[in-house]
Amino acid sequence: MIASVTRGGRAILVRLRAMVLPAAPEAASADDIEAVIGTLPEDLRAGATHWFQRLCEQQGPPRVATLPGLTRLVASSDFAARVLLRHWAEFRTAHGDLAVFEQPPDVAALARFADEVSRSDAPKADVMALLRAERNRRLAHILWRDMIGGSGVDETLENLSTVADQLLRAASNYAEAHMRERFGRVRGDDGEPVPLVILGMGKLGGRELNFSSDIDLVFTYSRDGSSDGKKSLHAQQYFDRLSRAIISLLDEPTADGFVFRIDTRLRPFGDSGPPVVSFAALESYLLQHGRDWERYAYVKARIVGPRPAETVERELFDELILPFVFRRYLDYGVFESLREMHAKISQEVKRRELADNVKLGPGGIREIEFIVQSLQLVRGGRRRDLQTPSLQPALALLVDSKGVGPEAAAALASAYRFLRRIENYLQAMRDNQTHELPGDAADRARLVLAMGYTDWPTLAAELDRQRGVVTAHFDDIALRGAVDADHPALRGGLIELWDRTADEDDWRKFLAAQNFREAAAIAARVVSFQNAASTRTVESVAARRLRTFVPRLLTLARDGEHPEHAVARSLSVLDAVLRRSAYVALLNENRVAAERLVRLCERSAYIAEQLARYPVLLDELLDPRLASGPMNKAALTADLEAELAKHLAPEQRPDAEQHMEQLARFQRANMFRVAVADFSGELPIMKVSDSLTFLAETVLENALALAWRDLTSKHGVPRYELDGRIRTAGFGIIAYGKLGGLELSYGSDLDVVFLHDSRGKKQSTDGGRPLDNAIFFSRLVRRLVHFLTTQTSTGALYEIDTRLRPSGRKGLLVTSTDAFERYQEENAWTWEHQALLRARAVAGSRDLGAEFARIRAETLAQRVRRATLKADVVTMRARMRAELDRSDAEYFDLKQGRGGIADIEFLVQYLVLEHAADKPAVMEFTDNIRQLDALAACGVVPGQRAARLQEIYRDFRLRQHHLVLNREAPLVADDEFSAERAEVMRCWAEYLGA
């Protein structure tokens, strides 16, 4: 092996062989050391040999088992080599030298050390020495775990951050204790203590600290006051002195080095601002002077050091930082600022020749941070789970249909870990804050050895591959949709017309020359929009975004079937969002979203109206599931639970207002998805109704659970005594009409009846503030109806109609099942039995739902007045037609006209009620289609006739559906559907004789 050692190391080895006398069987011999050193790259052997000579001189030889890892560590890191020599005796335990390194760092021991320093009355110089020694020992342990112990980079970053947190806490407490001796404690006007609050920014804030990183801190305090000591200081003076004392303890170089370099330039106004600011000053700065790059910076803000009271922390974040960082709407404008920041950094990289910088260079760590933080800024205002300072958890949370694809996220996470390992090993070489790849052969050998590669070309190739992956994803996310490459001449002409505010005639001529159909109408629309006061008075950012989007809109509309509809309706959406032009940025950033907007607006006035009323729906244009198939109840329930978990703060129980806001957004987004699938031809009419019905059921169940939770938390659960047993009273929502019949449409009211099954004795809740059950259920219903009908930022959930309850408006809002059954037996009219045919339980107690099903079945079979049934049905239908039918000589009313939808419904209801007693299968289902199936199966209606009525019913409903959604009356030409109407009237005459 000696032959393989460089000449400079040969003489050292000779001396080493002479002095190494194994102290124990497990101790390494000179031959063992020589053999291991011989495996190192040649450039590193002399340095390692020299280090082992010093170790053996000072401490004796290491264990054989430790030798391979120890050699790799000291050869890769001069810092680790220096710390190990200095603290070798401390690292030795009863289990042998460095045995402690084989275990994860003892966080509890670190916390105890911080506590001891916090309480120490030792001189400052001694405390500084203690902090530096602890820091160095901890970092050497972490480096061993990373390089030798297989801990992985995630554990390394977490452990480095924990060391910083605890040592910062120790220094802060020690400094404050010494301040109190002379100046006392700062107190506000109310006499309560005012704490210093330290914000960790950057990688410390994200718990992703580098090996030799600066720590970025912002010092602040909650309110003004003065100290109560022998000498009083104003809060600003007090905390200025305290912050400087903390920085001195940690940052000031001594013979032992430093603990952490501290950078406070992220404070308001940077170097020119005061070292410490009050919450009020911070708020004022962020509101008046906060820039886009500071929003990125404050994404990673986290309180470090001593913890203030929870109320102080909530005030700082909920009232100051989070509103500044995260907008309540979808903030796609961040991509513009991202591109500007990235361009400036790229220029700086070129100027300073930073191509080999793994942080700032192309495909470096900063690009990954930009990707994640940008998407956090876009969505974090609506998703509380994204308001995290840590990059990797945020990246994982961004994996969805609108954020980052799973493959891209996995690739970015892999690249991030790879680049962070390189960054850490670069800094660990000499405890320097560097991000530059080495040019020196020995340092390259150190990095290759630390990373576990065979040679520099192999490592460099993998680094280039990983950086290429990052750049590709950065360009895809940050630059996608930013430039329109198609039709450059057309786009240039449109921009020129827009820039000079051309008149209508110029627009018409240009559009006609570019083969636009309906050129004159489009020209009039564009000029009217550009000259409108709302457009002319927008801020410069919105104006710039409009200049980008309007040409894109016109280009996309040109080749549609109805380009004037596309342009007019899209411009109405734009007009609605101009004051929050981040929505225009969304359309500029995502070409797919822009294309979908134009196509959907072309097809549907209803969809355009929904987008204009609820701009948050523009985000749904990014969802690849947008025009997907029908929804099912289980999937909707799971999606809702996932959405609520994303958007509501997990650390505290959300209030009802937050919950309903998210529920309304969920309902509106899914209703929009159904509408898009409907107008795209992906859903038949019955599946549209099914999907909307399942959505309403899901919302009702969730809103009921929220109302129940809120009320029972105050008053307890409703109980009653029956047959000597205490039972829990149940509550249920019974759906009637379109909801009950699974025929819901977009603007349908929900016809519902509320029931409970409380009876017997002791009917009251079991909480500390008990209520009579009747009062409890009345309050429950009022709270539930309030939730469902109150306007949120995305509108009310549903209109609730309770007029079908027993005795109508005169009846109680919520009824017991016993009273409901008595009413059906003694007082219900035929029309109420008709309504009962379409009734079913949709939310609440399953037992109550089963009880309602029994009451319904017995009522329909036994309590219908069949002697007058036919006359009652005919009379009711004639009265409705007289009051509601809008048919005339030119138009046929699809719903109320003779031979229309209502005639089919009344006919089916009559046949089911007539035969429910002897053929109970006919009343099993609540919808017209399956009731017709049952009537045919039981032989009441010939199968061919039932199928024909179903076909007509579907055709009528589909036509009515699309007319209503285009804001047109449900009327068709009088000669349309003539054969279908005749067939319905023949059936009516045959069965009802009128």
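Here the structure is a predicted model, which means the values were calculated and not measured. Throughout, residues of each chain are indexed from 1 in the direction in which the sequence is written. A pLDDT threshold of at least 70 governs which residues receive local features in this predicted model, and a stricter bar of 80 or more applies before side-chain atom pairs are shown or counted, although totals over entire chains, interfaces and linings include all residues. Only hydrogens and water are set aside; all other atoms, that is, all heavy atoms of the structure, feed into the side-chain values.

Of the regular secondary structure elements, the chain holds 41 helices and 19 strands. Taken over the C-alpha atoms alone, the chain extends approximately 120 × 85 × 65 Å along its principal axes. In the chain, which comprises 994 residues, the share counted as buried stands at 57%. By the convention used here, residues are in contact when the closest approach between their heavy atoms is within 4.5 Å. Contacts spanning at least 24 positions in sequence make up 74% of the contacts within the chain whose residues lie at least 6 apart. Counting only carbon and sulfur atoms, one obtains 50% of the accessible surface of the chain, whose full area is about 41000 Å². The helix and strand labels rest on DSSP assignments: H or I over at least four residues marks a helix, E over at least two residues marks a strand, and numbering proceeds from the N terminus. Whether a residue is buried, partly exposed or exposed follows from its accessible area with a 1.4 Å probe, protein chains only, as a fraction of its type maximum: under 20%, in between, or over 50%, in that order. Accessible areas in this description were obtained via Shrake-Rupley with a 1.4 Å probe; residue shielding takes into account the shown protein chains only.

The next subject is the confidence of the model for the chain. Known as pLDDT, the predictor's per-residue confidence is scaled from 0 to 100. Per-residue confidence for the chain gives a mean pLDDT of 89, with 94% of residues at or over 70. Put simply, helix α1 (residues 7-19) is where the chain has its lowest mean pLDDT, 44, and strand β4 (residues 196-200) is where it has its highest, 97. This stretch, residues 1-24, has a pLDDT under 50; its non-local contacts, to residues over four places away or in other chains, come to 39 contacts.

This brings us to the nonpolar core. Tyr298 and Trp507 are the most contacted members of the largest nonpolar core, which totals 258 residues. The contacts of tryptophan 507, once residues within four sequence positions are left out, are Leu494, Leu497, Trp498, Ala502, Ala523, Val526, Val527, Gln530 and Leu554. To form a nonpolar core, buried Ala, Val, Leu, Ile, Met, Phe, Trp, Tyr and Cys residues must be joined to one another through side-chain atoms within 4.5 Å. Of all hydrophobic cores here, the second largest spans 52 residues; its members include Ala835, Leu836, Phe977 and Leu992.

Here the focus is helix α39 (residues 928-937). Within α39 the residues assigned to the buried category are Asn928, Ile929, Gln931, Leu932, Ala934 and Leu935. Where α39 is buried, its residues touch α31 (685-715), α35 (830-837), α38 (901-915) and α40 (943-965). The positive-phi residue at the C-terminal boundary of α39 is glycine 939, with phi of around 80°.

Mapped onto the elements, lysine 919 comes out in the loop between α38 and α39. Sequence-wise, lysine 919 and glycine 939 are 20 residues apart; in three dimensions their C-alpha atoms are separated by 9.6 Å. Polar contacts, as used here, are pairs of N or O atoms within 3.5 Å; protein pairs need one atom able to donate a hydrogen and one able to accept it. Residues neighboring in sequence count only if both atoms are side-chain atoms. One polar contact links lysine 919 to aspartate 918, side chain to side chain, over a distance of 3.2 Å.

Here the focus is the packing of aromatic side chains. One pair of aromatic rings is described through two measures. These are the centre distance and the angle between the planes. Note on ring pairs: Phe, Tyr and Trp rings are taken, using the six-membered ring of Trp, and paired if centres are within 6.5 Å. Classes follow the plane angle, with under 30 degrees stacked, over 60 edge-to-face and the rest tilted. Inspection of the entire model under this criterion finds 19 aromatic pairs. Here phenylalanine 731 and phenylalanine 754 contribute two aromatic rings whose centre-to-centre distance is 6.0 Å and whose plane-to-plane angle is 15°, an arrangement assigned as stacked. With phenylalanine 731 in strand β12 (residues 731-736) and phenylalanine 754 in strand β13 (residues 750-756), the pair connects residues that are 23 residues apart, well separated along the chain. Aromatic ring contacts, followed pair by pair, group Trp708, Phe731, Phe754, Phe776 and Phe777 into a single cluster. Only when the NZ atom of a Lys or the CZ atom of an Arg is both within 6 Å of the ring centre and within 35 degrees of the ring normal do we say a charge sits over the ring. Geometry around phenylalanine 260 places arginine 135 over its ring, the cationic atom sitting 5.9 Å from the centre.

Bringing the layout of surface pockets into the picture now. A probe matching the size of a water molecule, rolled over the atoms, marks out where space remains unfilled. Each cavity reported here is a set of points on a 1 Å grid over the protein atoms alone in which a 1.4 Å probe fits but cannot get out, each pocket an open set with protein on both sides within 12 Å along at least five of seven lines, and each lining residue one with an atom within 4 Å of a point. Grid points are joined across faces, edges and corners, and a volume is the space filled by probe spheres set on the points. Put simply, the largest pocket is a space of about 1600 Å³. Along the walls of the largest pocket sit 48 residues, with Gly737, Lys738, Asp751, Met880 and Lys895 positioned nearest its centre. Taken together, the elements giving at least two residues each to the lining of the largest pocket come down to α31, α32 (737-740), α35, α37 (869-884), α38 and α40. Broken down by element, the lining of the largest pocket gets its largest block of residues, six residues, from α40. Each residue belonging to the lining of the largest pocket can be placed in one class, and the counts come to 19 nonpolar, twelve polar and 17 charged. Empty space within the second largest pocket amounts to approximately 1300 Å³. Lining the second largest pocket are 39 residues, with Leu266, Trp293, Lys359, Leu360 and Arg366 positioned closest to its centre. Of all the secondary-structure elements, those providing two or more residues to the lining of the second largest pocket are α9 (202-205), β5 (215-221), α12 (292-299), α14 (334-351) and α15 (365-379). Amino acids outside the nonpolar list (Ala, Val, Leu, Ile, Met, Phe, Trp, Tyr, Cys, Pro) and the charged list (Asp, Glu, Lys, Arg) are all regarded as polar, and Gly is one of them.

Moving on to helix α11 (residues 279-289). Looking at α11, one finds that the buried residues are Phe279, Leu282, Tyr285 and Leu286. When α11 is viewed along its axis, its buried side chains cluster within an angular range of 125° and face the same direction. In α11, those exposed residues whose orientation departs by more than 90 degrees from the buried face are Ala280, Leu287 and Gln288. Looking at the buried positions of α11, the neighbouring elements they touch are β4, β5, β8 (276-278), α12 and α13 (310-325). Read the arc as the range of directions from the helix axis to the C-beta atoms.

In the sections that follow, a salt bridge refers to a side-chain nitrogen of Lys or Arg positioned within 4 Å of a carboxyl oxygen of Asp or Glu. Counting across every chain of the model gives 67 salt bridges. One salt bridge connects arginine 207 with glutamate 158, and the closest N-O pair in it is separated by 2.9 Å. Of this pair, arginine 207 sits in the loop between α9 and β5 while glutamate 158 sits in helix α8 (residues 153-183), placing them 49 residues apart in sequence. Classification of arginine 207 as partly exposed rests on a relative accessible area of 21%. In the salt-bridge network here, residues are joined through shared partners; they are Glu821, Glu851, Arg854, Glu858 and Arg863.

Along the chain, serine 151 turns up in the loop between α7 (124-147) and α8. According to the relative accessible area criterion, serine 151 is buried, its value standing at 17%. Each C-alpha atom, one on serine 151 and one on alanine 177, is 37 Å from the other, the two residues being 26 residues apart in sequence. Ignoring sequence-local partners within four residues, the contact set of serine 151 consists of Arg145, Asp146 and Thr156. Of note is the side chain of serine 151, whose polar atom sits 3.4 Å from the backbone nitrogen of aspartate 146.

Turning our attention to the sheet that holds strand β14 (residues 761-765). Strand order in the open sheet formed by three strands is β11-β10-β14, with antiparallel pairing between adjacent strands. The open sheet has two free edges, formed respectively by β11 (725-728) and β14, since each of these has just one partner strand. Averaged over neighbouring strand pairs, the angle between their axes works out to 20° when direction is ignored. Any two strands are treated as partners once DSSP identifies two or more bridges connecting them. Of the pairings in the sheet, the one linking strand β10 (residues 718-722) to β11 comprises four bridges and is antiparallel in character. Residue pairing in the sheet places leucine 722 in a bridge with arginine 725 of β11. Every axis in this analysis is a line fitted to C-alpha atoms, fitted for helices over the stretch in contact. Angles between the N-to-C directions lie between 0 and 180 degrees. Running at roughly 145° to β10, helix α33 (residues 773-789) makes contact with β10 and β14 of the sheet.

What follows covers unusual backbone geometry. Unlike most non-glycine residues, aspartate 431 shows phi in positive territory, near 60°. Phi at threonine 501 takes a positive value of approximately 50°, unusual for a residue other than glycine. Assignment of secondary structure puts threonine 501 in the loop between α20 (488-499) and α21 (504-513).

In this section: the side chain of threonine 765. Counting through the fold element by element, threonine 765 comes out in strand β14. What makes threonine 765 buried here is its relative accessible area of 5%. Of note is the side chain of threonine 765, whose polar atom sits 2.7 Å from the backbone oxygen of histidine 715. Contacts of threonine 765, omitting those with residues within four sequence positions, involve His715, Gly716, Val717, Pro718, Arg719, Pro770, Leu771, Asn773 and Phe776.

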